[in-house]
Amino acid sequence: MDIDADAAHEVAGSLATPSIAVAADISEEAAVARYIDAGVEAFGRIDLHHLNAGIFGSFDHLPDLSVDEFDRVMAVNVRGQFLGVRAAFRQYRGQSRPSQGAIGTIAVTGSIAGLTGSADLLPYHVSKHAVHGLVHAAAVYGGPIGVRVNAVAPGIVPTELFARAATATGGKNDMEQRASTTPLRRAGSPEEIAGVVAFLLSEDSAYVTGQIVSADGGATVVNTVRPAGGAGAWDPAGIDAAMYTTAGEKQQS
C-alpha cells in the first residue's frame, strides 16, 4: 500500500508470492478501511500487519515551524499508524484463532528518534515518540486477546524517505558520515530492518510484545559524554552558530 499507486504496483509485481497493490492515503480513515478490505478480499484473512509508512517533515527550527507542517507529519506518522492499528484490531476481532499462535500480529516502524531527542526534525521526533506510545498501549490491550504488537526502531538507513532532503545537513547527503560514528561504524540497509520486522511478525518472537527493538548499529547505546562516545571530539560552538545564528537572523528580520 502506498499513496503512490505506481510505486505500490511496482513493489507488488516484484514479489515472488501472491501480492496486491492498493493506492491509499494512510491519514484518511476510509482509505485505511479500503486497503484492509482489499487484503481480506484477496486472501481471506489478515494474520500479519506491518505499518511502515511515514514522512520526515521539515528541517525548520522550532520557532519557525508552522502549525500546518506539524499537523501534516502528525497526520501521517501518528494518525495513520493509529488508524492502521485500529483497523487491524477490528479485523482480528472477527477472525478465528488458529490452532497455534496468535489471532494476529502487528509490527510498526518507529525510529530511534522516538527514543532520544534532537533540535532538528522536531515534528518527526514528536511523532515517533507518539508511535512508540501507541505500540505500548496496543500491546497491553492486545495481549489478553492474542494479538502481539511490537515496533522496530531503525537508525540511519539511507532510503528514499530522505530523498527530498538529499542536500540538507542531517538529510540524505551525510547519512554515511553520521552513521560512521555508531558502534558498528556504518549505515544500515533496508534488508536489515526488514529482517527485524520479519522476526517480530514470526512465531520466533511469540513471547515478545510491547517492545521497541532498535536496529541502529548501536547508536542509542552510546554515552556521548564519555571519551569512547566522542565526548569533546567536536566544537559545539560551530553547531550552535549554524543553528542559532540563522534563528536569530529570522527573528530580527
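Along each chain, the written sequence defines residue order, and numbers are assigned to residues from 1. Per-residue local features are limited, in this predicted model, to residues with pLDDT of at least 70; the limit for side-chain atom pairs, both in listing and counting, is 80 or more; totals at the level of whole chains, interfaces and linings are taken over all residues. Side-chain measures were taken over the full set of non-hydrogen atoms in the model, leaving aside hydrogen atoms and water.

Right, let's talk about helix α2 (residues 29-43) for a bit. Counted at 1.5 Å a residue, the expected span for α2 with its 15 residues is 21 Å, and the 22 Å between its end C-alpha atoms agrees. Partly exposed residues are those whose accessible area sits between 20% and 50% of the maximum for their type, while under 20% is buried and over 50% is exposed, using a 1.4 Å probe and protein chains only. Helix numbers and strand numbers start at the N terminus; a helix is a DSSP run of H or I with at least 4 residues, a strand a run of E with at least 2. Taken together, the buried positions of α2 are A31, V32, Y35, I36 and G39. Here the buried residues of α2 occupy an arc of 140° about the axis, which is enough to place them on one side. Exposed side of α2, more than 90 degrees from the buried face: A30 and E41 are the residues found there. Contacts are assigned to residue pairs that have any heavy atoms within 4.5 Å of one another. Packed against the buried residues of α2 are β1 (48-51) and α3 (67-93). The positive-phi residue at the C-terminal boundary of α2 is G44, with phi of around 90°. To estimate how far a helix should reach, multiply one less than its number of residues by 1.5 Å. The directions from the helix axis to the C-beta atoms are what the arc is built from.

Before going further, it helps to spend a moment on the sheet that holds β1. In space, the 4 strands of this open sheet follow the order β1-β2-β3-β4, with parallel pairing throughout. Every interior strand has two partners, whereas the edge strands, β1 and β4 (212-215), have only one. In this sheet, adjacent strand axes meet at a mean angle of 20° when their direction is disregarded. Throughout, an axis means a line fitted to C-alpha atoms (over the contacting stretch in the case of helices), and angles, computed between N-to-C directions, take values from 0 to 180 degrees. Relative to the sheet, helix α6 (residues 190-201) contacts β1, β2 (104-109), β3 (147-154) and β4, its axis offset from that of β3 by approximately 165°. Should DSSP find at least two bridges between two strands, the strands are regarded as paired.

Attention now moves to the pairing of β3. Burial runs high along β3: 8 of the 8 residues are buried. Of the two faces of β3, the one lined by V147, V149, A151 and A153 and the one lined by R148, N150, V152 and P154 are each fully buried. Pairing geometry for β2 and β3, over 6 bridges, is parallel. The residue of β3 that forms the bridge with T105 is R148.

Here the focus is the nonpolar core. By nonpolar core is meant a set of buried Ala, Val, Leu, Ile, Met, Phe, Trp, Tyr and Cys residues that side-chain atoms within 4.5 Å join together. V85, I106, V108 and V149 are the most contacted members of the largest nonpolar core, which totals 28 residues. Where this core is concerned, the elements lending two or more residues are α2, α3, β2, α4 (122-142) and β3. For this core, the element with the most residues is α3, which contributes 6 residues. Aside from chain neighbours lying at most four places away, what touches V85 is L51, I106, V108, L134 and A138.

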